[in-house]
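Structural overview for review
Here is how the chains run, residue by residue.
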Amino acid sequence: MFTQVPLPYAYDALEPYIDALTVETHYAKHHAAYTTNFNKAVEMAGLQDKDVIEILANLDSVSDPAVRTALRNNGGGFYNHNLYFAQLSPNPANQPSGKLAEKINSTFGSFDNLKAELIRLALGQFGSGWAWLSANKNGDLMISSSPNQDNPISEKTGYIPILALDVWEHAYYLKYKNLRADYVKSLFNLIDWNTVSENYNRIIR
Ligand SMILES: [Fe+2]
């Protein structure tokens, strides 16, 4: 049984950057629904003994197209939102450190360049989707964007996301309306780079 990551802050803790009603609706309705529907699809596919990364990386092995689509959309929604909510904090470390900081500098030139590239990808994603910073087992970094609830795992890139920028309208529309750029920029006031570094260290270990 897959369960949502516990929200490590109150619904109103991300104010003024993300309003309480958006956090509550996003977590307790949208993320909860993805989780419920993922569990149903996992049961239909008989994949209860697999972890979510294994399921998303091997969607081709599911023969029923409807179940495969349900796993892709709801498994992605479950996994992507766990990453998204866990990385946010009302008191974030606003700079990466250690190995991740070094790799960001050698790959992107600077932390500011990385942020600019992530914002560019998040704004360039047409319609609903995500922008990502991902790593592979060698410690290499990749930035990318995905439509819907796809991610670098279901896209079979060999990379695992360590930072998730949700650009579905449900993530910002109540407060920001059509101003996705303002939302994405404000997200960087909430991203805890200690958590992102932990995600990185876990993959390269
Ligand atoms: Fe979302």
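Residues numbered from 1 in each chain as written. Predicted model: local features only at pLDDT ≥ 70, side-chain atom pairs only at ≥ 80, totals over all residues. Heavy atoms only, no water.

Examining the packing of helix α5 (residues 111-124) against helix α7 (residues 180-187)
Between α5 and α7, whose axes approach to 10 Å, the crossing angle comes to 145 degrees. α7 is crossed by α5, and the crossing has right-handed handedness. Residues I119, A122 and L123 of α5 touch α7, and the partners they reach there are R180, A181, V184 and K185. Among the residues forming the contact of α5 with α7, the class breakdown is 5 nonpolar, no polar and 2 charged. (Axes fitted to C-alpha atoms, helices over the stretch in contact; angles between N-to-C directions. Helix = DSSP H or I, 4+ residues; strand = E, 2+ residues; numbered from the N terminus. Left-handed = near helix turned anticlockwise from the far one by under 90°. Contact = heavy atoms within 4.5 Å. Nonpolar A, V, L, I, M, F, W, Y, C, P; charged D, E, K, R; others polar.)

Overview of the nonpolar core
Of all hydrophobic cores here, the largest spans 45 residues; its most connected members are Y84 and W193. Those elements giving two or more residues to this core turn out to be α1 (20-45), α3 (65-87), α4 (98-108), α5, β1 (129-135), β3 (160-166), α7 and α8 (193-204). In terms of residues, this core owes the most to one element, α5, which gives 6 residues. Viewed by domain, this core spans two of them, domain 1 (20-87) and domain 2 (98-204), each represented by three or more residues. (Core = buried A, V, L, I, M, F, W, Y, C linked by side-chain atoms within 4.5 Å. Buried < 20%, exposed > 50% of the residue type's maximum accessible area, 1.4 Å probe, protein only. Domains from an automatic or database assignment.)

Some details on the domain arrangement of the protein chain
Many analyses report the size of an interface as the accessible area lost when the parts associate. On domain assignment, one finds that the protein chain holds domain 1 (20-87) and domain 2 (98-204). Once you take the C-alpha centre of each, domain 1 and domain 2 turn out to be 19 Å apart. Contact with domain 1, which involves 22 residues of that partner, is made by 26 residues of domain 2. Note on domain 1 versus domain 2: buried area summed over both sides is about 2000 Å², and carbon and sulfur give 56% of it. (Buried area = accessible area lost by both parts, 1.4 Å probe.)

Quick word on α1
Between the first and last C-alpha of α1 there are 36 Å, a value that for 26 residues agrees with the 38 Å anticipated at 1.5 Å per step. For α1, the elements touching its buried residues are α2 (52-57), α3, β3 and α6 (173-176). (Expected span 1.5 Å × (residues − 1).)

A few points about the coordination of the iron ion
Around the iron ion, the protein contributes the donor atoms H26 (NE2), H81 (NE2), D166 (OD) and H170 (NE2), at 1.9 to 2.1 Å from the metal centre. Each donor residue of the iron ion lies on one chain, and together they are spaced H-x54-H-x84-D-x3-H. Comparing D166 with H170 shows no difference in burial state: the two are buried. (Donors = N, O, S within 2.8 Å, 3.2 Å for Na, K, Ca; no water.)

A word on the sheet that holds strand β2 (residues 141-147)
Sheets are built from strands that pair by backbone hydrogen bonding, the pairs being arranged parallel or antiparallel. With antiparallel pairing, 3 strands are arranged side by side in an open sheet as β2-β1-β3. Two strands lie at the open edges of the sheet, namely β2 and β3, each paired on one side alone. Neighbour to neighbour, the strand axes of the sheet diverge by 25 degrees on average, direction disregarded. In the sheet, β1 pairs with β2 via 7 bridges, with the strands oriented antiparallel. By the bridge assignment, L133 is partnered in β2 with I143. Contacting β1 and β3, α3 crosses the sheet at an angle of about 75 degrees to β3. (Pairing = 2+ DSSP bridges.)

A few points about the side chain of T195
Structurally, the position occupied by T195 is in helix α8. Take T195: its relative accessible area is 16%, and that puts it in the buried class. With residues up to four places along the chain from it excluded, the contact list for T195 reads A86 and Q87.

Some thoughts on the side chain of S197
Its place among the elements puts S197 in helix α8. For S197, the residues in contact, after removing those within four places along its chain, are P96, S97 and L100.

Observations concerning the pattern of salt bridges
Under the defined criterion, the tally for this structure stands at 4 salt bridges. Residues R72 and D150 are paired through a salt bridge, measuring 2.7 Å at the closest nitrogen-oxygen approach. Pair noted here: R72 is in helix α3 and D150 is in the loop between β2 and β3, with a separation of 78 residues, a long-range link. Here R120 and E117 are joined by a salt bridge, their closest N and O atoms 2.7 Å apart. With R120 and E117 both in helix α5 and 3 residues apart, this pair spans about one turn of that helix. What makes R120 partly exposed here is its relative accessible area of 47%. (Salt bridge = Lys/Arg side-chain N within 4 Å of Asp/Glu carboxyl O.)

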